[in-house]
Every structure is written in structure tokens, then in C-alpha cells.
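Inside the fold
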Amino acid sequence: MEKTAVFADTARWDTTRAGESRIGREDPGSQLVYACVQEFSDWGVRFLRPNLESPQEFARLIESGPCEALVLFPFTYTKHIADGLAGIFKGRVPIIYGGQHAGIGAMPARTLAEGLADFVIAGRGDTSLPKLLRDLADGKKPESRIIRHHDDVPKDERYPLDRLPWPLRRADLMHDITPKEPLPFIPPPTLEKNPTRCVLITGSIGCSARCDFCSTWMISGSVLRRSPKNIVAEMEYLQKNFGPGLVYMFADPLFNSDREWVLELSREMEKKGPFTSVCMADFRLDREMVRAMKRGGFYWIMLGLEFASNDMRADRGKHIADPVNAFRLCSEEGMITRALFMVARKGMTYQELDAEKAALEAMPIRADQLRVNFETPFDGIKMARNLRPEDIVLTDKRLWTTQFVVLRTEVPTESWEGIRQDMMGNYVWCGRQMEHYARQIDLFPELEPVYTDFLEKQKPHSEK
Ligand code: SF4
């Protein structure tokens with residue numbers, strides 16, 4: 001008889017500060033693993049993502065249906081929920097941990113040592129988790145309690161992910177664009193007049209960069225892609241079943257690492273769409289790529305600037321050093337940009353902060369938005385290896401979401417939130433930026449309502 005594994009997805013949302021992003025929603029990594037279990041094992045799957053902080057309440061939901069194995073892929077900030085569940089189900093069913101917290105670097109051994117996990121999936125779980133479940137169902141002793149990736153997805157195929165079923169979608173798991181978490185930039189009306197929902201879509205997984213503050217490459221340092229045709233077929237399906245008004249948020253950690261793939265996907269999206277879309281890219285953009293993406297429906301790209309200095313970026317593992325060309329190209333082609341930036345690094349001084357701000361202002365380009373986050377030493381990532389307990393000022397890991405200061409700096413901890421808000425506000429509300437928006441609107445009149453809406457949302461509440 002078919003057994004059932006429960007994927008207890010501990011993703012939380014609405015727990016960050018008002019106006020900040022929700023977190024963990026529709027995490028594509030767990031959806032992928034879920035699809036792999038369906039494809040490569042005889043197990044049935046119950047995928048639960050109830051957004052519950054209380055393990056007891058969550059456990060009641062799990063107990064309301066079959067559960068012969070419990071799969072937990074928490075993040076550092078949701079591990080307390082996973083641990084609570086594991087404690088409740090320990091000894092009743094096999095407990096399997098993995099993902100961006102338990103599955104990276106030295107974490108699998110640490111997780112086992114904590115005593116709640118029976119097995120830990122290290123790295124990608126696409127084939128190792130189905131294999132473990134098959135072994136359990138067959139009564140075979142699994143080869144080890146820490147199970148690393150097995151290479152049984154055929155790598156000679158260019159697009160092994162096409163073998164997998166598409167994630168099951170539920171309207172309530174897609175996030176509404178309004179009113180709770182408005183997209184900072186609505187699409188230009190020439191592309192989508194009435195955006196209503198945002199849907200995450202996965203074109204590729206893994207990242208070949210090696211940023212020391214990130215866990216993504218530690219899960220999968222090689223990139224696997226879906227074929228452009230397969231992706232666009234899913235978009236057509238989504239459009240038909242959940243449209244109109246969808247905005248596609250590509251969850252690929254690094255969208256543009258294969259130029260030919262980007263061009264082909266953009267062409268396919270243009271042919272069957274366009275499909276209003278957003279993605280995260282690095283600085284390897286060129287004019288042909290940006291134009292093709294725009295024709296396919298992309299209107300907004302998030303770029304991980306992280307630091308103002310090229311040397312600092314390279315030093316931290318981000319080797320695509322020079323952002324100027326990428327931001328300039330996007331402006332010239334009418335593509336909206338968000339620059340992601342990171343402060344509150346270990347030991348950061350006022351002097352370093354001022355130097356970063358000055359270097360940011362000195363850049364000969366403008367992003368449309370600056371988003372500032374705090375550096376968070378998630379368990380298992382490279383930069384967290386040499387930290388001492390006295391380097392940490394926030395010990396409650398439930399708050400390690402990049403929205404709270406975790407590392408000790410020379411700038412007082414309590415000053416950072418004000419600094420962060422000022423940096424983001426000052427970037428937008430200055431003469432240079434207003435000139436930038438005016439120039440963009442002059443070149444691309446369809447962006448006027450986009451910027452007007454954005455600036456309205458950026459205003460402090462008192463001014464609205
Ligand atoms: S490029 Fe992005 S996803 Fe890749 S390792 Fe760096 S921060 Fe992580």
C-alpha cells in the first residue's frame with residue numbers, strides 16, 4: 001500500500017515588520033523536492049504550509065491525515081517550529097531534516113547530534129530523498145543517516161527538471177499584490193493594466209556563485225534548468241487557471257547565468273505572452289538580453305549589489321564585480337531595477353558605513369530603488385564559520401530574517417533600523433533620483449504611473 005510523507009513546510013509570513021516582505025511563501029526549493037518525491041518514489045505526499053507558529057496546532061493538522069514520514073526543511077528562523085514538530089512525532093514516524101539550514105556545510109552532522117532527526121538530506125534532495133523513502137518503504141536499511149545527493153537525475157539531458165511535475169497551485173498560496181504586500185513597482189499599464197496576484201515560478205535551481213553570506217550555492221552549486229518551452233507551458237496553464245492579472249516572480253537565485261537560455265526563454269515568453277515578470281539577476285546583462293527580456297514581459301530586475309565597492313564584493317565571493325553597465329543598460333532600456341544592499345556587517349564602524357554611503361552616491365548610475373538588509377549569519381553559511389559568541393547581539397534565531405541586526409557592530413545596534421530606513425529613504429527622496437525618474441518618464445512615458453505609485457507607497461504614513 002502507498003505510504004504518505006508529510007512535508008511540513010514551516011514557512012512563516014506576516015511575522016516581519018509591517019511593510020516588509022513576507023518570508024518563505026511558496027518556497028520553490030521545497031516544491032521541487034515535493035515534485036521529486038512524487039516522480040521518483042511510490043510515496044504519496046501531503047504538503048502542508050499552514051503558516052502556524054505553534055507546533056502543537058501544526059501537529060494537529062498533520063494528525064488529521066495519513067503520515068508515515070515527516071519531512072522538515074526549515075530555515076534558521078523557522079527551525080524552532082520544525083524542532084517542535086519533530087519532538088511531537090519522534091519515535092512515531094521517521095523524521096527527515098534537510099534544506100537551507102540542516103542540509104548545508106557542517107549542519108547535517110550538527111542536526112543529527114541534536115537528536116531530533118532520524119535522517120538528514122545534505123544538499124539538494126531531488127533524488128536522495130525519494131531514494132531514502134523508497135528504502136524505508138521497502139524495509140531496507142538506508143545507506144547512512146546523512147544522505148547526500150545521488151546523481152540519478154540524468155545530467156546528460158539539458159533540462160532534467162522537465163521530468164518533474166509542476167507544483168500544485170492553490171489560489172490561497174499565491175500572494176495578493178494588494179492590499180497587504182503591494183509590489184513596490186506595479187507593471188506599466190502597457191504590459192498589465194490590472195495586476196492582481198503574484199505567483200512564484202521556478203526556471204532554474206542552484207547558483208554557481210559562492211557568496212559567503214548565502215546558503216543557496218551550498219545546496220546546489222551547479223545550476224539545473226527547465227526548458228523554456230516547459231516554463232512557458234506552465235505560465236500558460238497558470239494564466240488559464242488563475243489569471244488574468246498575474247505577475248510572475250522568477251524564484252531562480254540567479255536568472256541570467258546562461259545567456260542563451262535567457263534569450264530563448266524570453267523569445268518563448270514573447271511568442272506565447274508576453275507574461276508580466278520579475279527576476280533576480282547578476283550584472284552579466286547585455287543590451288540584447290535586456291531587450292529580449294522586456295519583449296517577453298520582464299519589467300523589473302532585482303540586482304544583488306550588496307556593497308558599494310567592487311573589491312568588497314569580490315572579497316565576499318561575488319565575482320561579477322562591476323555593476324555600472326548592468327544598471328545603466330536597464331535604465332536605457334526602461335527596465336526597473338532594485339539594488340539590494342547589505343549593512344550591519346560584523347564590526348562595522350561609522351567610518352565604514354559613511355564610506356559605503358559615499359561610494360554608493362558616487363556611482364555613476366541610479367537604481368530605481370535601494371533595498372537595505374542587515375547581514376545575517378545563517379547557520380552553516382561560510383561567513384558564519386569563524387564567528388564567536390560575542391560577535392552575536394541577537395541570540396533569538398526566530399528573528400534572523402535580515403530585518404533585525406544580528407552581528408555586533410561598532411555602530412550601536414539600536415541605531416541600525418533608523419540608518420537603514422534613512423538610507424532607503426534618502427536614496428529615493430533626493431534631487432538626483434527625482435531627475436532619474438523624470439528622465440526615465442521622458443524616455444518611457446508608460447513608466448509614469450509606475451513611479452507615481454511607487455513614490456506614493458514610499459511616503460511616510462504621516463504624509464499620506
Ligand atoms: S549570487 Fe545570489 S544566490 Fe548566488 S550565491 Fe550569491 S547571493 Fe547566493
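What follows deals with the overall build of the protein chain. When helices and strands are counted, the protein chain shows 16 helices and 15 strands. Rg of the C-alpha trace for the protein chain: 22 Å, near the compact-globule value of 23 Å for 464 residues, within the 12% margin. Taken along its principal axes, the extent of the C-alpha atoms in the protein chain is 70 × 55 × 40 Å. Relative to its 464 residues, the protein chain shows a buried fraction of 42%. Intrachain contacts of the protein chain at a sequence separation of at least 6 include 73% that bridge at least 24 residues.

Domain parsing of the protein chain yields domain 1 (4-148) and domain 2 (170-463). Inter-centroid distance (C-alpha atoms) of domain 1 to domain 2 is 28 Å.

Of the strand pairs in this sheet, strand S7 (residues 175-176) and strand S8 (residues 197-201) are connected by two bridges, and their pairing is antiparallel. Each bridged residue has a counterpart across the sheet, and for histidine 175 the counterpart in S8 is cysteine 198. Judged from the five bridges that link them, S8 and strand S11 (residues 246-250) form a sheet pairing that is parallel. Residue isoleucine 201 lies in a different strand from S11, and its bridge partner there is phenylalanine 250.

Attention shifts here to helix H5 (residues 107-114). When we look at burial in H5, the residues that qualify are Met107, Pro108 and Thr111. When H5 is viewed along its axis, its buried side chains cluster within an angular range of 100° and face the same direction. Counted as exposed and oriented over 90 degrees from the buried face of H5: Ala109 and Ala113. The secondary structure elements touched by the buried residues of H5 are strand S4 (95-97), helix H4 (99-102), strand S5 (119-122) and strand S6 (146-148). Among the residues trailing H5, glycine 115 stands out with phi positive, at a value near 95°.

Pairing is parallel across the open sheet formed by six strands, whose spatial order is S2-S1-S3-S4-S5-S6. At either margin of the open sheet sits one strand with a lone partner, and together these are strand S2 (44-48) and S6. For this sheet, the mean angle separating the axes of adjacent strands, direction not counted, is 25°. In terms of strand pairing, strand S1 (residues 4-8) meets strand S3 (residues 69-72) through three bridges, oriented parallel. Residue pairing across strands places alanine 5 opposite alanine 69, the latter belonging to S3. Most of the contacts of helix H3 (residues 79-89) go to S3, to which it runs at about 165°, and overall it touches S1, S3 and S4.

Okay, the site of the ligand next. In the vicinity of the ligand, the residues found are Cys207, Ala209, Cys211, Cys214, Thr216, Trp217, Pro253, Leu254, Gly304 and Lys318. Residues of the shell around the ligand, tallied by class, amount to seven nonpolar, two polar and one charged.

Once that is clear, we can look at helix H16 (residues 448-458). Of the positions making up H16, those classed as buried are Val450, Tyr451 and Phe454. Taken around the axis of H16, the buried residues stretch over an arc of 90°, which confines them to a single face. Here the buried face of H16 lies against strand S14 (336-343) and helix H15 (431-443).

Let us look at the sheet that holds S11. In any sheet, the strands associate via hydrogen bonds between backbone groups, in a parallel or an antiparallel arrangement. Taken in spatial order, the seven strands of this open sheet run S7-S8-S11-S12-S13-S14-S15, and their pairing is mixed. Both outer strands of the open sheet, S7 and strand S15 (369-374), are each paired with one neighbouring strand and no more. Relative to the sheet, helix H14 (residues 416-428) contacts S14 and S15, its axis offset from that of S15 by approximately 170°.

Helix-helix packing: each pair is described by the crossing angle between the helix axes and the interaxial distance. Helix H9 (residues 259-272) packs onto helix H8 (residues 228-242) with a crossing angle of 35° between their chain directions and a minimal axis gap of 9 Å. For the element pair H8 and H9, the recorded crossing hand is right-handed. Along its contact with H8, which presents Pro228, Lys229, Ile231, Val232 and Glu236, the element H9 presents Trp261, Glu264, Leu265, Glu268, Met269 and Lys272. Of the residues that constitute the contact of H8 with H9, the class distribution is six nonpolar, no polar and five charged.

Conventions we followed
- Residues numbered from 1 in each chain as written.
- Predicted model: local features only at pLDDT ≥ 70, side-chain atom pairs only at ≥ 80, totals over all residues.
- Helix = DSSP H or I, 4+ residues; strand = E, 2+ residues; numbered from the N terminus.
- Rg over C-alpha atoms; globule rule 2.2 N^0.38 Å.
- Buried ≥ 20, exposed ≤ 12 C-beta atoms within 10 Å, placed from the backbone.
- Contact = placed C-beta atoms within 7 Å.
- Domains from an automatic or database assignment.
- Pairing = 2+ DSSP bridges.
- Arc of directions from axis to C-beta.
- Axes fitted to C-alpha atoms, helices over the stretch in contact; angles between N-to-C directions.
- Near = placed C-beta within 6 Å.
- Nonpolar A, V, L, I, M, F, W, Y, C, P; charged D, E, K, R; others polar.
- Left-handed = near helix turned anticlockwise from the far one by under 90°.

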